[in-house]
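# Understanding the architecture of this molecule
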Amino acid sequence: MRKYVIMGVQGSGKGTQAELLCKDLNLVHISVGDIFRWHVQRHTKLGAQVRRTMNAGELVGDDMVESVVRDRLEQHDWNFGFVIDGFPRNGRQAEFFMESYDIDGVIHLELPDDEVRRRVLSRRLCPGCGMDYNVIADRPEVEGRCDICGTELITRADDTPEALAARLRDYHEKTRPVLELFGRKEVVHDVDARPSADEVQASIRAALGLPAYAPVA
Ligand code: AMP
């Protein structure tokens, strides 16, 4: 059983790296942001409660986040373990998490703020199938359309300069205590998020003492 946390500022590639880490190791990727986005897109009661907060780039209240995480982990579909991304985001969430689960490793993806701005403001999302694009590095074949399902691409409502500034401020202020708390247990691995996705994945695996990435056939 392997239980990992992946942390990093917006646009540092948390989601991509978590997916790569899960694939051949049979781990389950749990993204708290994706769970909230799922609710917003489907207009659930929870979605209505978090939509404005998310669009402003602010953090959802701890009680709600903790109950979403608890419910998700209680599904027990993670026999081989999980990689949780986007949680914990502050000291209280970290304490809640460490009380309930033993963590095998924390990956902290590091990316300078100006690179974050460049990446995030060029990010596009397919609302149909969830595929991510980047108008600089990973353009769709037909401008503005998803390569997989043809749906018109959108910009995430929280990928605006204003929301990004709020998220960066929050990240630096609130996430530092999380790293300090985890750091006391000596499980934090700092990884440079600037190289290509494959290179970053290789560094993560080396830091965690895992075998190199082996794509499943
Ligand atoms: P993400 O995809 O991780 O950037 O999350 C998108 C948005 O979901 C964040 O800007 C927050 O509004 C909310 N969110 C996700 N995870 C958390 C968390 N651990 N604590 C509070 N809010 C969160």
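Residues numbered from 1 in each chain as written. Predicted model: local features only at pLDDT ≥ 70, side-chain atom pairs only at ≥ 80, totals over all residues. Heavy atoms only, no water.

Stated formally: UniProt positions are given in the numbering used here, feature names are shortened, and annotations may be inferred rather than shown by experiment.
Labelled according to an unreviewed UniProt entry, the protein appears under the name Adenylate kinase, originating from Actinoplanes auranticolor. What UniProt records for the protein under Sequence similarities (unreviewed entry) is the sentence "Belongs to the adenylate kinase family." The UniProt entry for the protein carries this comment under Subcellular location (unreviewed entry): "Cytoplasm".

### What to know about the packing of aromatic side chains
Definition in use: Ring pairs are drawn from Phe, Tyr and Trp, using the six-membered ring of Trp, whenever the two centres fall within 6.5 Å, and their geometry is named by plane angle: stacked under 30 degrees, edge-to-face over 60, tilted for the rest. Note on classification: 1.4 Å probe, protein chains only; a residue is buried when its accessible area is under 20% of the maximum for its type, exposed when over 50%, partly exposed between these limits. For helices the rule is a DSSP run of H or I covering at least 4 residues; for strands it is a run of E covering at least 2, with both sets numbered from the N terminus onward.
Across all of its chains, the model carries 7 aromatic pairs by this definition. Aromatic side chains F87 and F96 sit 6.2 Å apart centroid to centroid with 85° between the ring planes, which places their arrangement in the edge-to-face category. Each member of the pair, F87 as well as F96, carries the same accessibility label: buried. Measuring from centroid to centroid gives 5.3 Å for F87 and F97, while their planes differ by 90°, and the two rings are edge-to-face. A residue pair is termed long-range when its members are at least 10 positions apart, and F87 in the loop between β3 (81-85) and α5 (91-100) and F97 in helix α5 qualify at 10 residues. Taken as a pair, F87 and F97 share a single burial class, namely buried.

### What to know about the pattern of salt bridges
The cut-off we apply is this: By definition, a salt bridge exists where a carboxyl oxygen of Asp or Glu is found within 4 Å of a side-chain nitrogen of Lys or Arg.
Evaluation of the coordinates by the stated rule reveals 15 salt bridges. The residue D34 makes a salt bridge to R37 at a minimum N-O spacing of 2.9 Å. Taken together, the positions of D34 and R37, both in helix α2 (residues 32-41) and 3 residues apart, correspond to about one turn of that helix. Looking at D34, the relative accessible area reads 42%, which means it is partly exposed. A salt bridge links R145 to E152, with the shortest nitrogen-to-oxygen separation between them at 3.9 Å. Among the charged side chains, a network of salt bridges with common partners joins R123, R156, D158, D159 and R167.

### Overview of the domain arrangement of the protein
Counted only if it meets this: Bear in mind that the domain bounds are from an automatic or database domain assignment. Contacts were defined at the residue level, with two residues in contact if any of their heavy atoms lie within 4.5 Å. The term buried area means the drop in 1.4 Å probe accessible area that two parts suffer when joined, counted for both and summed. By the criterion applied in these results, polar contacts are pairs of N or O atoms within 3.5 Å in which, for protein atoms, one can donate a hydrogen and the other can accept it, and in which residues neighboring in sequence qualify only through two side-chain atoms.
As far as domains go, the protein holds domain 1 (2-111 + 161-208) and domain 2 (122-158). The gap between the C-alpha centroids of domain 1 and domain 2 is 22 Å. Between domain 1 and domain 2, the contact holds 8 residues from the first and 4 residues from the second. Taken together, both faces of the contact between domain 1 and domain 2 bury some 570 Å²; the carbon and sulfur share is 36%. On the domain 1 side of the interface with domain 2, the three residues burying the most area are R37, N55 and R167, jointly 53% of the side's total. Connecting domain 1 to domain 2 are 1 salt bridge. Note that D158 is salt-bridged to R167, the shortest N-O span being 3.3 Å. For the interface between domain 1 and domain 2, the tally reads 1 residue pair in polar contact (both at pLDDT 80 or more). For the side of domain 1 that touches domain 2, the leading source of residues is helix α7 (residues 161-184), giving 3 residues.

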